[in-house]
Amino acid sequence: MVIFNGLPISADKSYLKEELSRVDESWAAARFDSLPHVVHILTSKDREGEVADLKEQSEIIEEVVDEVVHAYHSGFNKAIQNYSQILRLFSESTESIAILKTDLEDAKKLLGSHSKQLHQLWYRSVTLRHIISLLDQIEGIAKVPARIEKLISEKQFYAAVQLHAQSTLMLEREGLQAVGALQDVRSELTKLRGVLFYKVLEDLHTHLYNKGEYSSFDGHDDESALEMLDGAASDGYISSSKASGGDGTLKDVKFVSRQTPPWLAHSMPSEFIEAIKKSDAPLHVKYLQTMVECLCILGKVAAAGAIICQRLRPTIREVITSKIKAHATAVNSLRPGIGQPVRNVNSGLHYLKGQLESYQSHKQKRQNGIVLAGTLLAVSPVSPGMAPMGAAQAAAKELLDSILDAIIRILENHVIVGELLESRSAQQSGISTPKTMNGDMNWNLDSEASQVTGGYSIVFSLTVLQSECQQLICEILRATPEATSADAAVQTARLASKAPNKEKRDGSEDSLTFAFRFTDASISIPNQGVDLIRQGWNRRGPNVVQEGYGTAAVLPEHGIYLAASVYRPVLQFTDKVTSLLPPKYSQLGNDGLLNFVENFLKDHFLPTMFVDYRKGVQQAIASPAAFRPRAHPASTYTPLIERGRPVLQGLLAIDFLAKELLGWAQAMPKYAGELVKYVQTFLERTYERCRTAYMEAVLEKQSYMLIGRHDVESLMRLDPASAFLPNSFDQPVLENNASDAETVEVEMEMSDLLLSLRPIKQENLIRDNNKLILLASLSDSLEYVADSIERLGQASLKPSTQAEPNHMDKTHHHKRSSSTPTRDLASFADEYRRLAIDCLKVLRVEMQLETIFHLQEMTSREYLEDQDAEEPDDFIISLTAQITRRDEEIAPFVAEVKRSYIFGGICSVAANASIKALADMKSINLFGVQQICRNSIALEQALAAVPSIDSESVRHRLDRVRTYYELLNMPFEALLAFITEHEYLFTTAEYSSLLKVTVPGREIPADAEERISEILPH
């Protein structure tokens, strides 16, 4: 039966569970009906057995009940006992409550009779405790001034301000206001408030300009800052700061904040201290935050802001002046003194690095005893120091980098303090800076917010900083507009509060949101335009600045050309300013110093540079000595300009000016396009002048007209000797890989073409050797300039192609796109190189025509000599003398391969002309043959004496001439045998000429030509 499950039955009677399981569940039903069981027994066959089973089940159940009763018997007894105790305790409690009520009634009666006396005693005790507390407070307050002074001496300003504020608040309590003994303390606290204010303000001022103990950079002692940080780290406090490296650059030093900063060691716990401890800001930022918090607690924010504004400009001027003095001291220490070893004066001035360093050497090299420095300096509009890589440029850039770097660090501190003060002013006035729908800042700030900070703001700080930087730049550039006479502070206050129109953010005259001591003339006085510009930006004018910074002690020169060294530092300065400013002020960084410098460069510097360099170019190419060959007659050619390469003075000066202009382009990448256009303009003018000099030498000469013919040009291009013509500077001179057959074929075609022009007239030749020397020198000079231009073009493209990787990942807010010239420098190099090639072609054809001019006399005479030849013909003597003389005069001006090209065409023309001359001869004898052979020998000796000509090739070609004429001494049969063996040595026409000429004593059969034609191929 399920009803008995879970009953406590002992283990020795576990069989009861099995017996119970056989009992029918119907016996345990809630409404037991006995009738079915009675009917079942009565109707059963074994009534006795059924009754017996019922008895057994009854006994089992009774036994189970006995077991349960036995198991729970002790628990039942204990429960009965507990119940008895509860009844007893309840009865006792009832009796005690009754007694307590009786006692309370008695106590009520007793207290009611003495209540007034008890109240008086309680009030007296409270009064005495309050008096004791006030006495303790008075004693503590009396010691507060001394404690504050001690904290001030330990530079625990925040703790002192906390104690002062707490004590002042305590003195305002009702109980202490009437205490006469505290009047002196109250007076001392009032004085200490002023002392605290000025101490905090002075320390804040010191740290604003990075001269404090916790500054991010200490310009005077870098190691002390690191020692301070190490000490703080050893105490358990480590933060993040910056230290100066050995090279003067800032290096980030990371620390982890674990405990209270040292200047807050004696402060009482507060929310501010907890925020400082949890902050990850650098050490100097936390200190500036602490100083601002002190000013806020003292309630002196407006006064502090006003004093900071008042001291900002003088302090910045002092910083700049001290930097210049320190720089001057460092430079002077490097100069050699008495009793000291001589050191390089320029070692402290890091020269600008670039691709154009080589041009500086022109100013220092002597070439064949001629000093070119004077010539180059005469055409350059700037002195060596003011050149792109001169000492003045390097000094100006180094000085400006140093000063602007210090200004950036100062601006970083002002931005931090300005943001803190602005946030405090917003909290106090309950306003927030409104913004327009498109996210631009609303410059119509509430005047109340400005009053809270005493007029001090990020805008004001940036205004004054950039104002002083511009004044420094104007002093360096010797720019003295009349606007500088106005008081700078008044201008700053007036223009800084001016709300600029949003519609004039495109660089118009309202785009500058701050005033400069030196302002652009078109902005400050727009009605005085050109006259003021001429007076104010005169680079040659005297320096009339009344309040200078003393840059003359550092910079060897001043002037407008130092604008190139100013541009890049200002560009980097603007990037840093933009990165420092909060987003709502980001536009301020672009509208300031960089805008001024770019306007100055565009409106004043570039036009001045163009005029000056145009004058230098005109002077260089118009000089009588500009296109006068200047090599010494006895000197040998050298390809290096430093060792005396005889480049024409005019072209050397142009190359120098072009390199100098591209040096300016490298210093100012944004204006590289304009400067390259200047270079291209000057190169065009120079090319026209070179072309004029070339035409003056070749005008109406046959050689010049020939090279312009298409057929001659094609043959000269196919000529293997054209491999020696100038090509790109980075491509080597090609070797002559053409076969001898191809070479001979081209030479023969060219020779035949030139021979067809006979008779050559003397007036069609260039007889003036000076013109030939000019063409040679002009060719080499043009090639030098072409190579230089091509090299400069590649160098000038590198900055634009590399695109300054450091800036590619940044988003610049100011525009830096440079104009791209429509034509690159390589095209000008090709023009110069083509003209150089034309000069060489004219010289080559001229020497070939000169050879034909002399050898054409062979056809006008008969070689019937009556004696053996001892001397060559007069025309051969004249030709060989002219070849030797011209080679000697041209040798100093062109390279050996170019000489080979110029004189290399003589041999083939002479050989071909000598052989072709036989066809025009009527008769010749044995002595005549010897005379012609003597002529070829003399010509061979003259050509072999030219070092650049292959003597073996000359001997081979002129041996062919001698062989040809010696065939005239052979009998016909011997000649026929020779032709059979050497049918390709001469042409059919040449073999036929051997038969046509009359040779005394030689018999020629009538069918000689037929027999020879049978041998020779058709």
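Criteria and thresholds
- Residues numbered from 1 in each chain as written.
- Predicted model: local features only at pLDDT ≥ 70, side-chain atom pairs only at ≥ 80, totals over all residues.
- Heavy atoms only, no water.
- Helix = DSSP H or I, 4+ residues; strand = E, 2+ residues; numbered from the N terminus.
- Buried < 20%, exposed > 50% of the residue type's maximum accessible area, 1.4 Å probe, protein only.
- Contact = heavy atoms within 4.5 Å.
- Areas by Shrake-Rupley, 256 points an atom, 1.4 Å probe, with all protein chains shown as cover.
- Polar contact = N/O pair within 3.5 Å; in protein donor to acceptor, adjacent residues only side chain to side chain.
- Phe/Tyr/Trp six-rings, centres within 6.5 Å; stacked < 30°, edge-to-face > 60°.
- Lys NZ or Arg CZ within 6 Å of the ring centre and 35° of its normal.
- Axes fitted to C-alpha atoms, helices over the stretch in contact; angles between N-to-C directions.
- Parallel < 35°, antiparallel > 145°, perpendicular 65-115°, else oblique.
- Nonpolar A, V, L, I, M, F, W, Y, C, P; charged D, E, K, R; others polar.
- Core = buried A, V, L, I, M, F, W, Y, C linked by side-chain atoms within 4.5 Å.
- Patch = residues over 30% accessible without salt bridge, like charges linked within 9 Å, V, L, I, M, F, W, Y side chains within 5 Å.
- Salt bridge = Lys/Arg side-chain N within 4 Å of Asp/Glu carboxyl O.
- pLDDT = per-residue confidence, 0-100.
- Disulfide = S-S within 2.5 Å.
- Lys, Arg positive; Asp, Glu negative; His and termini not counted.
- Charge placed at Lys NZ, Arg CZ, Asp CG, Glu CD.

Take the overall build of the protein next. Scanning the protein from N- to C-terminus turns up 36 helices and 4 strands. Of all 1018 residues assigned to the protein, the portion counted as buried reaches 47%. Put simply, 79% of the contacts in the protein that link residues at least 6 apart link residues at least 24 apart. Approximately 51500 Å² of the protein is accessible, and the part contributed by carbon and sulfur atoms is 53%.

With respect to the element layout, Arg 409 can be found in helix H12 (residues 391-429). Side chain to side chain, Arg 409 and Asp 405 meet in a polar contact 2.4 Å long.

For the structure shown, the criterion picks out 17 aromatic pairs. Note on Phe 610 and Tyr 678: the rings are 4.9 Å apart at their centroids and 50 degrees apart in plane angle, and the pair reads as tilted. Residue Phe 610 is found in helix H20 (residues 593-622), and its partner Tyr 678 is found in helix H22 (residues 672-698); the two are separated by 68 residues along the sequence. Among the residues examined, Tyr 678 registers a relative accessible area of 12% and is labelled buried. Taken together, the aromatic side chains of Tyr 964, Tyr 965, Phe 986 and Tyr 991 make up a single cluster linked through ring pairs. The ring of Tyr 549 has Arg 317 lying over it, and the distance from NZ or CZ to the ring centre is 4.6 Å. The side chain of Arg 844 reaches across the aromatic face of Tyr 901, ending 4.7 Å from its centre.

A separate point is unusual backbone geometry. Residues Arg 758 and Pro 759 are joined by a peptide bond in cis, for which omega reads 5 degrees. Among the structural elements, Pro 759 can be located in the loop between helix H25 (740-755) and helix H26 (769-802). If you check the backbone angles, Asn 210 has positive phi at about 60 degrees while not being a glycine. Counting through the fold element by element, Asn 210 comes out in the loop between helix H6 (183-208) and helix H7 (222-234).

Where helix H34 (residues 972-981) meets helix H35 (residues 988-996), the closest approach of the two axes is 12 Å, and the angle between their N-to-C directions is 175 degrees. Viewed along their axes, H34 and H35 adopt a mutual orientation that is roughly antiparallel. On H35, the residues touching Phe 972, Leu 975, Phe 978 and Ile 979 of H34 are Tyr 991, Leu 994 and Leu 995. Of the residues contributing to the contact of H34 with H35, the split by class is 7 nonpolar, no polar and no charged.

Bringing the nonpolar core into the picture now. Among the nonpolar cores identified, the biggest contains 241 residues, and Phe 605, Trp 664, Met 668, Met 921, Ile 924 and Tyr 965 are the most heavily contacted of them. A per-element tally of this core places helix H28 (residues 825-855) first, with 17 residues.

There is a patch of nonpolar side chains on the surface, built from Leu 111, Leu 118 and Leu 121 and spanning about 320 Å² of accessible area. Following the sequence through the fold, Leu 111 ends up in helix H3 (residues 47-112).

What follows covers the pattern of salt bridges. By the definition in use, this model includes 30 salt bridges. Notably, a salt bridge pairs Arg 311 with Glu 202, separated by 3.2 Å at the nearest N-O pair. Within this pair, whereas Arg 311 is found in helix H10 (residues 301-333), its partner Glu 202 is found in helix H6, the two being separated by 109 residues in sequence. Residue class for Arg 311 comes out partly exposed when judged on its relative accessible area of 27%. Accessibility expressed as a relative area gives 38% for Glu 202, which makes it partly exposed.

Let us look at the environment of Asp 203. Relative to the assigned elements, Asp 203 resides in helix H6. Take Asp 203: its relative accessible area is 9%, and that puts it in the buried class. Between the alpha carbons of Asp 203 and Glu 213 there is a distance of 9.2 Å; along the sequence they are 10 residues apart. In this structure, Asp 203 is in contact with Phe 157, Tyr 287 and Met 291, ignoring residues within four places of it in sequence.

Another aspect to go through is the confidence of the model for the protein. When pLDDT is averaged across the protein, the result is 76; 74% of the residues are at 70 or more. Ignoring residues within four places in sequence, the model shows residues 431-446, a span with pLDDT below 50, making 19 contacts including any to other chains. For residues 799-820, every residue scores under 50 in pLDDT, and the model assigns this stretch 27 contacts once sequence neighbours within four places are set aside.

Right, let's talk about the state of the cysteines for a bit. Inspection of every chain in the model, using the stated rule, returns 0 disulfides. Of the cysteine sulfurs around Cys 690, a residue in no disulfide, the closest is that of Cys 839, at 8.8 Å.

The next thing to look at is the environment of Lys 615. Position of Lys 615 relative to the elements: it lies in helix H20. Among the residues examined, Lys 615 registers a relative accessible area of 53% and is labelled exposed. Between the alpha carbons of Lys 615 and Val 379 there is a distance of 8.1 Å; along the sequence they are 236 residues apart.

Taken together, the side chains of Asp 46, Glu 48, Asp 53, Glu 56, Glu 59, Glu 62 and Asp 66 define an acidic patch exposed on the protein surface. Following the sequence through the fold, Glu 62 ends up in helix H3.

What follows is about the environment of Ser 457. Position of Ser 457 among the secondary structure elements: in the loop between helix H13 (447-452) and helix H14 (458-477). A relative accessible area of 19% places Ser 457 in the buried class. A C-alpha to C-alpha distance of 5.2 Å links Ser 457 and Gly 418, two positions 39 residues apart in sequence. At a separation of 3.2 Å, a polar atom in the side chain of Ser 457 contacts the main-chain amide nitrogen of Phe 460.

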